Amino acid sequence: MAVKRILTWLKRLVLACLALLVLLCVYVLLVNRHDQPPSKTVLRFESLLHDLPPVADKDNGYVYFVGISAPRNVEPHFAGMVRIAWAKQWMGYTELGADKFPGKVLDIDGGRSEAVKSLAAQCKEVDINCARALDSGAAVISQWLASDKFLVERYNTLLTYPEWRETLLHDDRLPVMPFVTVLEGQKVHLLAAWERAGQGDGAGVKAALDSDMRFWRRNLAATDTLIGKMIASSALRRNFAWGNLILRRLPSDKVASAIPALWREPVSAQERSMLRSLAGEWRSNVSQLKKVTARDMNEDVGSTYRNIVRAVTDSVTRSTLQYQATSNQYAELMASTADAYAVSYEQIPAAIPAVRARTGKLQENVAGLPGYNLLGNVLFRVGSPDMTRYALRMSDLEGIRRATLLMAELHSRALGPADIEAQLAASHAGSPYDGKPFAWDAQAKAIVFIGLEEGKWGRTSVPY
């Protein structure tokens, strides 16, 4: 009797649990009957991205950029158009990503000697050790320029394109764009300028540095993706770092006239603005959400039982992921970050804690009744990192520009290391955030700028 009574109670408990589960599912379905309308921020982003002027493929440096790693016998602009068309078609599928574009790619190291590879490795970081390796490797540099002539020609062609418009959404399932090839091309382009400096060719140095700086500063303002913003930022840092090594080779009386014109122009609010790139990041995120919410629930997966289970689980899952509500959340996060850093340099340090507090509140506060957009809220909390470090990387570019320009001007006056420290204190050039003079590292013989970004990116040394 006792066993029978226990089984009866267990049966009732199971039925009660099932009933509770059913009621919970019904409640979730009821509170998730309707999605939210597009927010004002979403409409703002859509207008921003929609109203961009069209760019023809023939003028678009992004197309050439995508194809620059094509084999030698394939024209990069044509390869870029083929790759972009393939990527757009492939992005409509739901299978796992491809790790590379179809076809062969350019093998940069294939034509390099071991001596060139060794020197290239020593100049992976553009610092005083790289400068010393270059100073003692004249013969190897000639080999390097000869073996990479093809790459330099491609890079120089890239610099001539008048426009930049990313025609692919960022998608983690797509192959990595060939930014390594582009940055290698930039390195050898600047290496050629370094060789010209050794020949006293100030005009050639200025032309090489200026064309490179103009291309990447234009792209910094025009990019519509976060990764594009970071690539342009990295390229600009390399221009300043290589430029310092190049100008120090010129005779002091030729340095001033060889300084690129854009080195003297502050990084503008438009150039460092995160609005377009974060709007593009929002667009990429919500495009992936749309694919999840638009999945075909009527797809036949086998038996009738499995189809019924699939239909029920898809219905519950879809109802807990409200596309527009989640899109609104992402848009608010991106816009609030971009707007908070669209202030003067002096105001940026105070904006950092406010932005991070705002990000935390957006992740904690959800709209609607309990149970509304459950899956969407989880995805938002997991997939909405703090964008502050990217914004600070942009604003730190101005400090790097000032420190590098100051070092070039000191070289033009033929000042030695012993005189520079005193000149730093007297100079009007300093940190863009508080105006304080740059530091002098006596051991490394370098001007030091401490930026706002945390980690290695936040400290920049400009060697004498």
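Please read these numbers as outputs of a predicted model, since none were measured by experiment. (Residues numbered from 1 in each chain as written. Predicted model: local features only at pLDDT ≥ 70, side-chain atom pairs only at ≥ 80, totals over all residues. Heavy atoms only, no water.)

On the surface, Val 14, Leu 15 and Leu 18 cluster together into a nonpolar patch covering about 280 Å² of accessible area. Checked against the element boundaries, Val 14 lands in helix H1 (residues 2-31). (Patch = residues over 30% accessible without salt bridge, like charges linked within 9 Å, V, L, I, M, F, W, Y side chains within 5 Å. Areas by Shrake-Rupley, 256 points an atom, 1.4 Å probe, with all protein chains shown as cover. Salt bridge = Lys/Arg side-chain N within 4 Å of Asp/Glu carboxyl O. Helix = DSSP H or I, 4+ residues; strand = E, 2+ residues; numbered from the N terminus.)

So, about the pattern of salt bridges. This structure, assessed with the given rule, holds 19 salt bridges. Each of Asp 109, Arg 112, Asp 148, Glu 184 and Lys 187 takes part in one network of salt bridges that share partners.

Okay, the packing of aromatic side chains next. Following the criterion strictly, the structure yields twelve aromatic pairs and no others. For the ring pair Trp 86 and Phe 101, a centre distance of 5.7 Å and an interplane angle of 70° mean the geometry is edge-to-face. With Trp 86 in helix H4 (residues 76-90) and Phe 101 in the loop between H4 and helix H5 (114-122), this residue pair connects regions lying 15 residues apart in the sequence. In textbook terms, an aromatic cluster arises when at least three aromatic residues are bridged by ring pairs, as seen for Tyr 62, Phe 65, Trp 164, Phe 215 and Trp 216. Of note, Arg 249 hangs over the ring of Trp 194, and the distance from its end group to the ring centre comes to 3.5 Å. Just above the ring of Trp 457 sits the side chain of Arg 393; from NZ or CZ to the centre is 4.1 Å. (Phe/Tyr/Trp six-rings, centres within 6.5 Å; stacked < 30°, edge-to-face > 60°. Lys NZ or Arg CZ within 6 Å of the ring centre and 35° of its normal.)

Right, let's get into the nonpolar core. Among the nonpolar cores identified, the biggest contains 113 residues, and Phe 65, Leu 134, Trp 216, Ile 246, Leu 247, Trp 282 and Ile 447 are the most heavily contacted of them. Element by element, the count of residues in this core is highest for helix H19 (residues 388-412), at twelve residues. Non-local contacts of Ile 246, meaning those with residues more than four positions away in its chain, are made with Leu 190, Ala 193, Trp 194, Ala 197, Val 205 and Leu 209. (Core = buried A, V, L, I, M, F, W, Y, C linked by side-chain atoms within 4.5 Å. Buried < 20%, exposed > 50% of the residue type's maximum accessible area, 1.4 Å probe, protein only. Contact = heavy atoms within 4.5 Å.)

Bringing helix H7 (residues 138-147) into the picture now. The set of residues buried in H7 consists of Val 140, Ile 141, Trp 144, Leu 145 and Ser 147. All buried residues of H7 project into a common sector of 165° when viewed along the axis, lining one side. Exposed side chains of H7 directed beyond 90 degrees from the buried face belong to Ala 138, Ala 139 and Ala 146. Contacts made by the buried residues of H7 are with H5, helix H6 (128-135), helix H8 (149-159) and helix H9 (179-198). (Arc of directions from axis to C-beta.)

Before going further, it helps to examine the sheet that holds strand E1 (residues 439-441). An order of E1-E2-E3 is seen for the three strands of this open sheet, with the pairing classed as antiparallel. Bordering the open sheet on either side are E1 and strand E3 (459-463), each of which pairs with just one other strand. Within this sheet the neighbouring strands show an average axis-to-axis angle of 35°, counted without direction. Here strand E2 (residues 446-450) runs beside E3; their pairing, made up of five bridges, is antiparallel. Within E3, the residue paired with Val 448 across the bridge is Ser 461. (Pairing = 2+ DSSP bridges. Axes fitted to C-alpha atoms, helices over the stretch in contact; angles between N-to-C directions.)

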